[in-house]
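Structural overview for review
If you want the building blocks of each chain, they are given just below.
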Amino acid sequence: MDSDVNKKLNRLGIMGGTFDPIHYGHLVAAEMARAEFKLDEVLFIPTGKPPHKDRRDVSDAKLRYEMVKLATEDNLAFGVSSLEIEREGPSYTVETLRVLRRTYPEHELYFITGSDALLEIFSWRESEEILSMIEFIGAARPGFDAKDFLLKVQHEHPESQGKIHYLEVPALAISSTDIRARVRRGEPIRYLLPEPVRLYLEKQGLYLET
């Protein structure tokens, strides 16, 4: 019998986002996805220049990258890539996935994102190519109607059949938008994100401007 038949195929989770700032919702989603889908590693990839957001409203990429490093350094199953922040121009997911597909040709790739963003993937640049390269894990807050959502996706986009999965993540009640607003209002953010990240953004004076 060919020994390669039973060889375990490596699985790589990919977590992209602006991470402005990264918080426990991101980290819990990544860890739960790692365990549920038996991922060997989860690679966090901070967005360089997000094409869908006003760049004036997004913190400097290097600062966001440093916060992700601080947040993930104590988990050996988490890695951080500067792939998107080093690339010129807008950060399109398809371009990132092409690089990762070449870098990890034998891996199964799983893209971890919020469930509310899943329907938007079909409007992304080269969405058909994206679906051919990767599977999606939609992380959602408790109470999210996953059954109806998945039926809607499969009905409207049958080509995604079997490529989209659902994961309930309690900590997703936390949001980066709320954290930034709390900083501006002078409200506490401790325990919403790792302490090294809180101290770093405080030192950098992030989110204080109105």
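Note that the coordinates shown come from a computational prediction; the quantities given were computed from them, not determined experimentally.

**A few points about helix 8 (residues 176-185)**
Among all positions in helix 8, only Ser176, Ile179, Arg180, Ala181 and Val183 are buried. In this structure, the buried side of helix 8 is in contact with helix 1 (24-36) and helix 9 (195-204). The first or second residue beyond helix 8 is Gly186, which carries a positive phi of 75°.

**Structural notes on the pattern of salt bridges**
Under the counting rule described, the total for this entry stands at 10 salt bridges. Between Arg98 and Glu129 there is a salt bridge, and its shortest N-O distance comes to 2.8 Å. A residue pair is termed long-range when its members are at least 10 positions apart, and Arg98 in helix 4 (residues 93-103) and Glu129 in helix 6 (residues 127-133) qualify at 31 residues. According to the relative accessible area criterion, Arg98 is partly exposed, its value standing at 30%. A salt bridge links Arg190 to Glu195; the shortest N-O distance between them is 3.8 Å.

**Looking at unusual backbone geometry**
At the junction of Asp20 and Pro21, the peptide bond is cis and its omega measures out at 5° in the coordinates. Within the fold, Pro21 resides in the loop between strand 1 (11-17) and helix 1. At Tyr191, a residue that is not glycine, the phi angle is positive and equals roughly 75°. Inspection of the secondary structure assignment puts Tyr191 in the loop between helix 8 and helix 9. If you check the backbone angles, Tyr207 has positive phi at about 70° while not being a glycine. Inspection of the secondary structure puts Tyr207 in the segment after helix 9.

**Concerning the sheet that holds strand 5 (residues 135-140)**
Strand order in the open sheet formed by six strands is 3-2-1-4-5-6, with parallel pairing between adjacent strands. Among the strands making up the open sheet, the edge pair consists of strand 3 (78-80) and strand 6 (164-168). Between one strand axis and the next, the sheet turns by 25° as a mean value, whatever way the strands run. Along the sheet face, helix 4 touches strand 1, strand 2 (41-46) and strand 4 (108-114) and points at about 150° away from the line of strand 4.

**Looking at the pairing of strand 2**
Of all the six residues making up strand 2, five are buried; the element is thus mostly covered by neighbouring parts of the structure. Across six bridges, the pairing between strand 1 and strand 2 is parallel. In the strand pairing of strand 2, Met15 is matched with Phe44. Crossover strand 1 to strand 2 through helix 1 is right-handed.

**Some words on the confidence of the model for the protein**
Summary statistics for the protein give a mean pLDDT of 87 and a share of 91% for residues scoring 70 or more. Low pLDDT (under 50) marks residues 1-7, which in the prediction has one contact with non-local residues, meaning those over four places away or in another chain.

**A closer look at the packing of helix 2 (residues 61-72) against helix 9**
Between helix 2 and helix 9, whose axes approach to 8 Å, the crossing angle comes to 155°. By the angle class used here, helix 2 and helix 9 are roughly antiparallel. Two packed elements cross with a definite hand, and for helix 2 against helix 9 that hand is right-handed. When helix 2 is examined against helix 9, the residues Leu63, Glu66, Met67, Leu70 and Ala71 are found in contact with a partner set consisting of Pro196, Val197, Tyr200, Leu201 and Gln204. Its residues placed into classes, the contact of helix 2 with helix 9 shows eight nonpolar, one polar and one charged.

Rules of the game
- Residues numbered from 1 in each chain as written.
- Predicted model: local features only at pLDDT ≥ 70, side-chain atom pairs only at ≥ 80, totals over all residues.
- Heavy atoms only, no water.
- Buried < 20%, exposed > 50% of the residue type's maximum accessible area, 1.4 Å probe, protein only.
- Helix = DSSP H or I, 4+ residues; strand = E, 2+ residues; numbered from the N terminus.
- Contact = heavy atoms within 4.5 Å.
- Salt bridge = Lys/Arg side-chain N within 4 Å of Asp/Glu carboxyl O.
- Pairing = 2+ DSSP bridges.
- Axes fitted to C-alpha atoms, helices over the stretch in contact; angles between N-to-C directions.
- Right-handed = clockwise from strand over helix to strand, strands pointing away.
- pLDDT = per-residue confidence, 0-100.
- Parallel < 35°, antiparallel > 145°, perpendicular 65-115°, else oblique.
- Left-handed = near helix turned anticlockwise from the far one by under 90°.
- Nonpolar A, V, L, I, M, F, W, Y, C, P; charged D, E, K, R; others polar.

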